[in-house]
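Take a look at the letters that make up each chain.
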4 protein chains.
Amino acid sequence: MYNVAIVGASGYTGGELLRMLLNHSEVEIKDITSRKYDGTPVHKIHPHIRDSGLVFKNKQPNELDADIIFTATPHGASMKIVPDLLETGAKVIDLSGDYRYRDTKVYEKWYGLKHTSDIKGVYGLPELYRDEIKKADLVGNPGCFPTGAILSSYPLVDNDLVDRIVIDSKTGVSGAGVNPSSTTHYPNIADNVNPYKISSHRHVSEIQQELHGFEDVKVSFTPHLVPVIRGIQTTSHSFLKEEHSDITPDELRKFYEKTYGKEYFIKLMDDGEIPHLSSVRGSNFVHIGGFEIDDTGRVVMLSCIDNLVRGASGQAIQNMNIMLGLDETTGLKHFGINP
Amino acid sequence: MYNVAIVGASGYTGGELLRMLLNHSEVEIKDITSRKYDGTPVHKIHPHIRDSGLVFKNKQPNELDADIIFTATPHGASMKIVPDLLETGAKVIDLSGDYRYRDTKVYEKWYGLKHTSDIKGVYGLPELYRDEIKKADLVGNPGCFPTGAILSSYPLVDNDLVDRIVIDSKTGVSGAGVNPSSTTHYPNIADNVNPYKISSHRHVSEIQQELHGFEDVKVSFTPHLVPVIRGIQTTSHSFLKEEHSDITPDELRKFYEKTYGKEYFIKLMDDGEIPHLSSVRGSNFVHIGGFEIDDTGRVVMLSCIDNLVRGASGQAIQNMNIMLGLDETTGLKHFGINP
Amino acid sequence: MYNVAIVGASGYTGGELLRMLLNHSEVEIKDITSRKYDGTPVHKIHPHIRDSGLVFKNKQPNELDADIIFTATPHGASMKIVPDLLETGAKVIDLSGDYRYRDTKVYEKWYGLKHTSDIKGVYGLPELYRDEIKKADLVGNPGCFPTGAILSSYPLVDNDLVDRIVIDSKTGVSGAGVNPSSTTHYPNIADNVNPYKISSHRHVSEIQQELHGFEDVKVSFTPHLVPVIRGIQTTSHSFLKEEHSDITPDELRKFYEKTYGKEYFIKLMDDGEIPHLSSVRGSNFVHIGGFEIDDTGRVVMLSCIDNLVRGASGQAIQNMNIMLGLDETTGLKHFGINP
Amino acid sequence: MYNVAIVGASGYTGGELLRMLLNHSEVEIKDITSRKYDGTPVHKIHPHIRDSGLVFKNKQPNELDADIIFTATPHGASMKIVPDLLETGAKVIDLSGDYRYRDTKVYEKWYGLKHTSDIKGVYGLPELYRDEIKKADLVGNPGCFPTGAILSSYPLVDNDLVDRIVIDSKTGVSGAGVNPSSTTHYPNIADNVNPYKISSHRHVSEIQQELHGFEDVKVSFTPHLVPVIRGIQTTSHSFLKEEHSDITPDELRKFYEKTYGKEYFIKLMDDGEIPHLSSVRGSNFVHIGGFEIDDTGRVVMLSCIDNLVRGASGQAIQNMNIMLGLDETTGLKHFGINP
């Protein structure tokens, strides 16, 4: 049994880590921290987690003694504690944006924060960086939108097929976190669609980092808040390069099969089958479909993930499994809650 | 007072015509027809319409005596009765797709039906074709997706600014009509996003008809069903032509103000203001916003309409007002039901 | 034309007053006040109200000059300004709880506030107190739950049929107002049912005031927040007195017909017809149905209202019409937005 | 490893059995039957269940060879096959209403069907009938409403505290099954509350069977369909007997603790804590709260279950575990998906 700790466990991603780790056969939760809820039993904050015996503690980094530490802390806060956590000898999986960037300048531009730590994390998208994650002490767990966007479009850029990608994403409201605001007020969300930061959401920089590289691909992103609790549905509109204008849907699918065919958590939909949030709800699976090309040379790809699981805590556990040398699927095999 | 009749009044668009026409000061509803519900009082089908005294009748076209006849009949059914209705001397507003196309071949391709009528309708988008509508005996009332898509992007193509437009639309479920199906089953829609006909929805042809014309614009369209009862939110991603790559958001806005500045039903949002379905719910208004350009040369425009009002019955009444020489806003001045 | 003013017009009930009064043929809105939004154009707060020319002003009571003043102010705040507003010669309709009680002690107990004004308002339920409202200078507009509860059960107590009533109500979230809180956070409401104050909601005192009177009726109340934007669905479980244990559903219906048969805004459903929120959404109508009795002697009655219209602003306008001697239905004839 | 088969596995309860049994450590799914989908891979019907290798087969009862057989067949269909299934030597858990009743006459009255089998099932509510279930060959798995209703009120009647109970339940739409109808049409459910069979739902008979027994308790039931996918929230209004009119909330709670204190799946909420559907979503837990008494002598108790899990398939697996002598919680320990 490995010991784990969760720093900042009172939010939604903390709750999801708890939900899944309490059923994980190879780890034991030693500590869950919260400044605000010091001394509070966990079910007062996460009412579905009953009789776990866990209590929030306001502990400092050096008071933690664990093999793996998850930091479910806000952007900017993580980089202040991660170096100290690594000092304890633990491996760290950070769920904030602080350790996702190869180029700190990009982070500083989009997050408006000075990056004060010179430690580098491995980008925790297992299907792309499994080998690096295996050896990493620090993983920067991907953002929710980037996870769905990158996975749905990566084979297109990896095979140099397209020169422009427009990511149009629809996210559930849990992505906004546990704190209420006008944005998450029920009467403003229900029966509505809320596009936001339509040309300037910071996640575009993370998507560009992973899909770009190839300098001739233009990557754009527009997120929409929809009346959904959890899940991100991504529609990726890409435009074939002149030289690939005669590619067929079947050929397109082959590229995806080559990339993802052996991946446990990535499921490619059958012809004509649309991926649905309900199929991945509460699970770590990624459903990818689409494989259509219209007569303007536009490729349409679709993906669905649970933003709190595959877009955050489930992916973090997948990374943990890899870092600990466990079967990558341990504790994550449950299917989605459908309907 | 003018007499009106509604053919096929038992569906959602029929209900909306009733709801609004019963409060219209210049018309009286003489007949509402339904084969299925012959003899049934209207509130048995539209339970919100109480004490109107109206009863569905199974009447033939030549039994109708009205100044204006709305045909809320399925695609293919309209063309079988519209010629006879025009024979009675009535003006006709058809809410199906049968009379929206300048080129019948396009209709036949996308609807898979032989077009049997050689009468031409005027495309009933008042802001673009007001003068023609004024003189028309037959108006083909626009589709719901096309109304939101065309109005949000028209100034871009009218001013030759872009060479490609991707319309990514999110629609409420009432657009699927009153008949239940697996597609509209609550557990399949709630907490979900359902893209469909992702590269081949027939409405693309109607959008292309109005935005194309200019041969160098490529127009694509992908619709999504979202957990919303009524409303269509459209996000239009367009790509600036090389020669317009330095256009500013302010200049962009000016083109929209020039086109729509005097239109009662079209409201341009303030800078940074996002249009919302809740603001137009139940109303005939169109809210247009966005006016952003990202660093890849992508223009993002947004629009919101109520699919049953501005996307169907309200626009039909607006057309009626124009055809009868009434104030265009008669009976349509109510604001949206927000929240 | 009568002049009206709205004090505290930035919340949901203020928005609804604006939406409906701007289409009311006999009144003109002179002033809308808000301390917080002094100088702000109305559409910045109520984005559906465009081009009205109205601007929030931070005005004092004695600066208002209107025939009718609506106070959409919080409980406790109203009683501080209503006396001054009456001093200006205006008639006042107060939408808070401050002037709904015949016995100030009951108010003080349930609202936890000292009542500082000795002016009495008329309880503004038009179907019960029309004559008094006609002569009133001050009306205490009923609460949302009480409106649905009282109207659905009044004939039962008026005819002395039952000795106990349990009101089990389900309300939309707009009843919680425009300010976000954990209670109205989308992920807490969607796909959930939230009972609250299950044996101690203050509205029970208002329901008791109107249904009690008859000392032998016990009235209980439990509200539930459901994933609905607007509307209150009330299920009233009542228990027949011994001496009426053999009453038939038809006889029961007759009592309701006698009470409400001539009321424009109250619609009794047909046999077997269930009232729906969608049928009254955005409208001032009250739909009442049920009329069933099970073999334990329980009577089941149902009602639906729009909490912001019939449960607040629409009823306030109905009261205004009565107080001004106008046709009671002026500006309120629109049917519900269904679906 | 035990072999299991599911008869009629294409509906929601079938899908839930599959979802949970595929992660159950002690059983293997040998057969899933469906007449309609003979030869179809399971993911075509249950898109969240990928790569299971399972295919629907149209098998007859005598072709099945399993230790446990679940019959997820319609009322009336089960009794035609259960005798044959028992003949194969399997133990059977029937999810229909056919084997829930001690008195077949009650079944025949409420289901309108002649009961053709004289085999008796044990009522599969483990907390009440664990010992009988252990020895049973046939279990009648309880209905969804009854599960929530009985568990929330049982200690009240078991301790003879009340003389009348009114169960007011709110159910998610998945309870209506996988087949679309007007009742489940999204625009009819969303933003609405639909009471139905308000005084005559057949589940009242099952609730009465378990809560009655004590002849002086009158039990009534009214269900409401709310805009929720899964879950049943039950509000139980009960009336204290004269001799218990001075019972305190603390004493009330003690009765519940005595009954349920050692039950793994039943969680009693803290004082003032409201049970929520989100806390049990996708799980087998039952959350019970309330423990309030108003000044009319009304007791308010609340419960939440997932209708497809604890109200159907999860409870069936709990019964299976008991029948097989396994740890009752095997495969059922996952917490709810919150939010």
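Residues numbered from 1 in each chain as written. Chains lettered and ligands numbered in written order. Predicted model: local features only at pLDDT ≥ 70, side-chain atom pairs only at ≥ 80, totals over all residues. Heavy atoms only, no water.

**Considerations on the overall build of chain A**
Helices and strands together make up the secondary structure of chain A, namely ten helices and 14 strands. A compact globule built from 339 residues should have a C-alpha radius of gyration of about 20 Å, and chain A, at 20 Å, falls within 12% of that. The dimensions of chain A, computed from C-alpha atoms along their principal axes, are 60 × 45 × 40 Å. Classification of the 339 residues of chain A by burial places 66% in the buried group. Taking the contacts inside chain A whose residues are at least 6 apart along the sequence as the reference set, 70% of them involve residues at least 24 apart. On chain A, roughly 11,400 Å² of surface is accessible, and the fraction owed to carbon and sulfur atoms is 46%. Computed over 35 positive and 45 negative side-chain charges, the separation of the two mean positions in chain A equals 5 Å. (Helix = DSSP H or I, 4+ residues; strand = E, 2+ residues; numbered from the N terminus. Rg over C-alpha atoms; globule rule 2.2 N^0.38 Å. Buried < 20%, exposed > 50% of the residue type's maximum accessible area, 1.4 Å probe, protein only. Contact = heavy atoms within 4.5 Å. Areas by Shrake-Rupley, 256 points an atom, 1.4 Å probe, with all protein chains shown as cover. Lys, Arg positive; Asp, Glu negative; His and termini not counted. Charge placed at Lys NZ, Arg CZ, Asp CG, Glu CD.)

**Digging into the relation of the copies chain C and chain B**
Each copy of the sequence occupies a distinct position, and chain C is placed on chain B by a rotation of 180° and an axial shift of 0.0 Å, giving an RMSD of 0.0 Å. Put plainly, the chains are arranged around a two-fold axis. Mapped onto chain B, 100% of the interface residues of chain C again fall at the interface, so both copies present the same surface. (Least-squares fit on C-alpha atoms with pLDDT ≥ 70 in both.)

**Examining the interface of chain C and chain B**
With 32 residues of chain C at the contact, the number on the chain B side is 32 residues. A combined buried area of about 2,900 Å² lies between chain C and chain B, and 54% of that area is made up of carbon and sulfur atoms. Considering only the surface of chain C that becomes buried against chain B, C:Arg50, C:Phe335 and C:Pro339 emerge as the three largest contributors, covering 25% of it. On the surface where chain C and chain B come into contact, there are six salt bridges. Applying the counting criterion to the chain C and chain B interface returns twelve residue pairs in polar contact (both at pLDDT 80 or more). (Buried area = accessible area lost by both parts, 1.4 Å probe. Salt bridge = Lys/Arg side-chain N within 4 Å of Asp/Glu carboxyl O. Polar contact = N/O pair within 3.5 Å; in protein donor to acceptor, adjacent residues only side chain to side chain.)

**A look at the sheet that holds strand E1 (residues 2–7) of chain C**
Residue and element names in this part refer to chain C. Here we have seven strands laid out as an open sheet, ordered E3-E2-E1-E4-E5-E7-E6, and parallel in their pairing. Because the sheet does not close on itself, it has two edges, and the strands there are strand E3 (56–57) and strand E6 (122–123). Packing against the sheet, helix H2 (residues 78–87) makes contact with E1, strand E4 (68–71), strand E5 (91–94) and strand E7 (138–140), and its axis sits at approximately 175° to E4. (Pairing = 2+ DSSP bridges. Axes fitted to C-alpha atoms, helices over the stretch in contact; angles between N-to-C directions.)

**Describing the domain arrangement of chain A**
Residues and elements named next belong to chain A. Split by domain assignment, chain A resolves into domain 1 (2–120) and domain 2 (145–307). Using only C-alpha atoms to locate each centre, domain 1 and domain 2 end up separated by 27 Å. Of the residues lining the interface, twelve residues belong to domain 1; the matching set on domain 2 comes to 14 residues. Note on domain 1 versus domain 2: buried area summed over both sides is about 1,200 Å², and carbon and sulfur give 47% of it. At the boundary of domain 1 and domain 2, one finds three salt bridges. Among the ionic pairs, glutamate 210 bridges to arginine 102, the shortest N-O distance being 3.5 Å. Scanning the region where domain 1 abuts domain 2 turns up seven residue pairs in polar contact (both at pLDDT 80 or more). For the side of domain 1 that touches domain 2, the elements supplying multiple residues, two or more each, are helix H1 (12–21) and helix H3 (104–111). (Domains from an automatic or database assignment.)

**Overview of the pattern of salt bridges**
Going through the model one piece at a time under the given rule, you end up with 80 salt bridges over all chains. With its nearest N and O atoms 3.8 Å apart, the salt bridge here joins A:Arg281 to B:Asp191. Of this pair, A:Arg281 sits in the loop between helix H9 (277–280) and strand E13 (286–293) while B:Asp191 sits in the loop between helix H6 (186–189) and strand E9 (194–195), which puts the two residues in different chains. Considered together, A:Arg281 and B:Asp191 belong to a single accessibility category, that of buried residues. Taking the shortest distance from any N to any O, the salt bridge between D:Glu16 and D:Arg19 comes out at 2.9 Å. Linking D:Glu16 with D:Arg19, this pair stays in helix H1 (residues 12–21), spanning three residues, or about one helical turn. Its relative accessible area of 0% is what places D:Glu16 among the buried residues. We classify D:Arg19 as buried; its relative accessible area is 6%. Salt bridges sharing common partners tie together A:Glu16, A:Arg19, A:Arg230 and A:Asp306.

**Things to note about the relation of the copies chain C and chain D**
Under the fitted operation, chain C is carried onto chain D by 0.0 Å of movement along the axis and a turn of 180°, and the coordinates agree to an RMSD of 0.0 Å. A shared binding surface is used by both copies, with 100% of the interface residues of chain C retained as interface residues in chain D.

**A word on the sheet that holds strand E5 (residues 122–123) of chain D**
The sheet built from six strands is open, its strands ordered E2-E1-E3-E4-E6-E5 (chain D) with parallel pairing. Strands with a single pairing partner mark the edges of an open sheet, and in this sheet they are strand E2 (27–33) and E5 of chain D.

**Regarding the interface of chain C and chain D**
Taken together, the contacts link 41 residues of chain C with 41 residues of chain D. Summed over both sides, the interface between chain C and chain D buries roughly 3,700 Å², with carbon and sulfur atoms accounting for 54% of that surface. Between chain C and chain D we count four salt bridges in total. Taking the shortest distance from any N to any O, the salt bridge between C:Asp168 and D:Lys170 comes out at 3.3 Å. At the boundary of chain C and chain D, one finds 34 residue pairs in polar contact (both at pLDDT 80 or more). Of all the secondary structure elements, the ones that give two or more residues to the side of chain C that touches chain D are strand E8 (162–171), strand E9 (194–195), strand E10 (218–225), strand E11 (232–240), helix H9 (277–280), strand E13 (286–293) and strand E14 (298–305) of chain C. Take the side of chain C that touches chain D: its biggest share by element is six residues, from E10(C). Its residues assigned to classes, the side of chain C that touches chain D comprises 18 nonpolar, 14 polar and nine charged. (Nonpolar A, V, L, I, M, F, W, Y, C, P; charged D, E, K, R; others polar.)

**Brief notes about the packing of aromatic side chains**
Taken as a whole and judged by the stated rule, the model has 52 aromatic pairs over all chains. Ring centres 4.7 Å apart and planes at 15° place the aromatic pair A:Tyr107 and A:Tyr111 in the stacked group. One end of the pair, A:Tyr107, and the other, A:Tyr111, are both in helix H3, four residues apart, so they sit about a helical turn from each other. For A:Tyr111, a relative accessible area of 7% corresponds to the buried category. Relative to D:Tyr260, the ring of D:Tyr256 has its centre 6.3 Å away and its plane inclined at 50°; by these criteria the two rings are tilted. Of this pair, D:Tyr256 and D:Tyr260 both sit in helix H8 (residues 249–260), separated by four residues, roughly a single helical turn. Residue class for D:Tyr256 comes out buried when judged on its relative accessible area of 0%. Over the ring of B:Tyr111 we find B:Arg202, and its NZ or CZ is 4.1 Å from the ring centre. (Phe/Tyr/Trp six-rings, centres within 6.5 Å; stacked < 30°, edge-to-face > 60°. Lys NZ or Arg CZ within 6 Å of the ring centre and 35° of its normal.)

**Side note on helix H7 (residues 203–211) of chain A**
Residue and element names in this part refer to chain A. In terms of burial, H7 is largely enclosed, as nine of its nine residues are buried. Those residues of H7 that fall on the buried side of the exposure criterion are His203, Val204, Ser205, Glu206, Ile207, Gln208, Gln209, Glu210 and Leu211. Looking at the buried positions of H7, the neighbouring elements they touch are H3, strand E6 (122–123), helix H4 (126–135), helix H5 (144–158), strand E8 (162–171) and strand E10 (218–225).

**Brief notes about unusual backbone geometry**
With an omega of 5°, the peptide bond between A:Asn338 and A:Pro339 qualifies as cis. Within the fold, A:Pro339 resides in the segment after helix H10 (309–323). At B:Lys197, a residue that is not glycine, the phi angle is positive and equals roughly 40°. Phi at D:Phe291 takes a positive value of approximately 55°, unusual for a residue other than glycine.

**Brief notes about the pairing of strand E2 (residues 27–33) of chain C**
All names here are of chain C. The buried fraction of E2 is high, at five of seven residues. With six bridges connecting them, E1 and E2 associate as parallel partners. Bridging from a neighbouring strand, asparagine 3 pairs with glutamate 28 of E2. In this fold, the crossover linking E1 to E2 by way of helix H1 (residues 12–21) has right-handed handedness. Note that E2 and E3 share two bridges and pair parallel. Directly across from threonine 33, in E3, lies its bridge partner lysine 57. (Right-handed = clockwise from strand over helix to strand, strands pointing away.)

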